[in-house]
Amino acid sequence: MTIENREKRAAVCENCNAVCAVWRRPDGEIVPISSTSGCDCEERSLRVVDTLGTPDEDYSSH
């Protein structure tokens with residue numbers, strides 16, 4: 001992943017509501033930036049949110 005093809009965004013885990021910083025790739029893949037996201041879920045369900053906290057329907061990771 002290069003700097004040119006990723007976008008830094010905020011995401012929320014739909015299971016536990018933890019918020020974390022993620023990289024969003026052009027193919028829609030969501031990659032947490034840090035392993036210390038505050039989410040302890042076995043299977044994260046991350047949804048990218050916009051600046052107002054509204055889910056970005058085009059990008060989610062289950």
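In the block above lies the structure referred to throughout.
Keep in mind it's a predicted model, so treat the numbers as computed, not measured.

The rules we used
- Residues numbered from 1 in each chain as written.
- Predicted model: local features only at pLDDT ≥ 70, side-chain atom pairs only at ≥ 80, totals over all residues.
- Heavy atoms only, no water.
- Helix = DSSP H or I, 4+ residues; strand = E, 2+ residues; numbered from the N terminus.
- Buried < 20%, exposed > 50% of the residue type's maximum accessible area, 1.4 Å probe, protein only.
- Core = buried A, V, L, I, M, F, W, Y, C linked by side-chain atoms within 4.5 Å.
- Contact = heavy atoms within 4.5 Å.

Trainee: Account for the environment of D40, with residues named and values stated.
Mentor: Checked against the element boundaries, D40 lands in the loop between β3 (30-32) and β4 (46-49). Residue classification places D40 among the exposed positions, given a relative accessible area of 76%. Residues D40 and C16, spaced 24 residues apart in sequence, show a C-alpha to C-alpha distance of 8.2 Å.

Trainee: Mind laying out the nonpolar core, listing which residues take part and the relevant values?
Mentor: Counting nine residues, the largest nonpolar core is built from A11, C13, A18, C20, V22, I30, C39, L46 and V48. Contributions of two or more residues to this core are made by β1 (7-13), β2 (19-24) and β4. In this view, C39 contacts C13, C16, A18 and R44; residues no more than four positions away in its chain are not counted.

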